[in-house]
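Structural characterization, general
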Amino acid sequence: MIKTILTVDDSRTMRDMLQLALVAAGYRVIQAVDGIDGLETLSAEGADVVITDINMPRLDGFGFIEGMRARPEHRATPVLVLTTESDAAKKQRARDAGATGWIVKPFDPAKLIDAVRRVAA
């Protein structure tokens, strides 16, 4: 069965790069432009794995993860944070919100796919 990945990022370029890497690896990709759009898309479509940015307008990645985790059907859905941030306090805050893993931008497509495969298993 093909796994569905939701990417949540306000950068169109980043969404396009994620889509290219993930589709090439055999995943179905759905996209959202910020945390609010991400929660709406997740409700409408569901996802096997979520990849989210932290710094976004309207609702940031922390708020998105917290909103996602508040829904029983998404408490166990893996969430990878993809961000330019590398601050230990922000990583801890993401973990506290419910993030599964952390990938720093710019990402290596092979490492991204490896991380997705690990959490999607």
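See above for the structure.
This next bit is on the overall build of the protein chain. Within the protein chain, the secondary structure is distributed over five helices and five strands. Reading the protein chain from its N terminus to its C terminus gives the helix and strand order β-α-β-α-β-α-β-α-β-α. Over its C-alpha atoms, taken along the principal directions, the protein chain stretches across nearly 30 × 30 × 25 Å. Considering only intrachain contacts with a sequence separation of at least 6, the fraction spanning at least 24 residues in the protein chain is 60%. About 6000 Å² of surface is accessible on the protein chain, with carbon and sulfur atoms providing 52% of the total. The average position of the 16 basic charges and that of the 17 acidic charges among the side chains of the protein chain differ by 4 Å.

In this section: the pattern of salt bridges. Scanning the model with the defined rule gives six salt bridges in all. Where arginine 28 meets glutamate 45, a salt bridge forms, and the shortest distance between an N and an O atom there is 2.7 Å. Residue arginine 28 is located in strand 2 (residues 28-32), and its partner glutamate 45 is located in helix 2 (residues 35-45); the two are separated by 17 residues in the primary sequence. Aspartate 53 serves as the salt-bridge partner of lysine 105, at 3.5 Å between the closest nitrogen and oxygen. Taken together, the residues lysine 105 in the loop between strand 5 (101-104) and helix 5 (109-120) and aspartate 53 in the loop between strand 3 (49-52) and helix 3 (61-69) connect sequence positions 52 residues apart. The buried category is assigned to lysine 105, whose relative accessible area is 13%. The class of aspartate 53 is buried, set by a relative accessible area of 6%. Taken together, the shared-partner salt bridges in this structure form one network comprising Asp9, Asp53 and Lys105.

Before going further, it helps to examine the nonpolar core. The nonpolar side chains of soluble globular proteins are, as a tendency, buried together. Counting residues in each nonpolar core, the largest one holds 19 residues, and the members touching the most others are Leu6, Val8, Val50, Phe64, Ile65 and Met68. Those elements that provide at least two residues to this core are strand 1 (4-8), strand 2, helix 2, helix 3, strand 4 (79-83) and helix 4 (88-97). The greatest single-element share of this core, amounting to four residues, is contributed by helix 3. Not counting the four nearest positions on each side in its chain, valine 8 is found in contact with Ala32, Asp34, Gly35, Gly38, Val50, Ile51, Thr52, Asp53, Met56 and Phe64. Membership of the second largest hydrophobic core comes to 18 residues, among which are Val29, Ile51, Phe107 and Val116.

Moving on, we come to the packing of aromatic side chains. Centre-to-centre distance and the angle between the planes together describe a pair of aromatic rings. Using the criterion set out here, one finds zero aromatic pairs in the structure. Here the guanidinium or amino end of arginine 93 rests over the ring plane of phenylalanine 62, the centre of that ring lying 3.9 Å away.

Next up on the list: the pairing of strand 3. Along strand 3, one buried face is formed by Val49 and Ile51 and the opposite face, lined by Val50 and Thr52, is buried too. Pairing geometry for strand 1 and strand 3, over four bridges, is parallel. In the sheet register, isoleucine 5 faces strand 3, and the bridge partner there is valine 49. Bridging between strand 3 and strand 4 involves three bridges; their strand directions are parallel. Bridge assignment links isoleucine 51 to a residue of strand 4, and that residue is leucine 80. In this fold, strand 3 hands off to helix 3, which returns the chain to strand 4; that crossover is right-handed.

Cut-off values and rules
- Residues numbered from 1 in each chain as written.
- Predicted model: local features only at pLDDT ≥ 70, side-chain atom pairs only at ≥ 80, totals over all residues.
- Heavy atoms only, no water.
- Helix = DSSP H or I, 4+ residues; strand = E, 2+ residues; numbered from the N terminus.
- Contact = heavy atoms within 4.5 Å.
- Areas by Shrake-Rupley, 256 points an atom, 1.4 Å probe, with all protein chains shown as cover.
- Lys, Arg positive; Asp, Glu negative; His and termini not counted.
- Charge placed at Lys NZ, Arg CZ, Asp CG, Glu CD.
- Salt bridge = Lys/Arg side-chain N within 4 Å of Asp/Glu carboxyl O.
- Buried < 20%, exposed > 50% of the residue type's maximum accessible area, 1.4 Å probe, protein only.
- Core = buried A, V, L, I, M, F, W, Y, C linked by side-chain atoms within 4.5 Å.
- Phe/Tyr/Trp six-rings, centres within 6.5 Å; stacked < 30°, edge-to-face > 60°.
- Lys NZ or Arg CZ within 6 Å of the ring centre and 35° of its normal.
- Pairing = 2+ DSSP bridges.
- Right-handed = clockwise from strand over helix to strand, strands pointing away.

Purely spatial values, then, with no claim about function.
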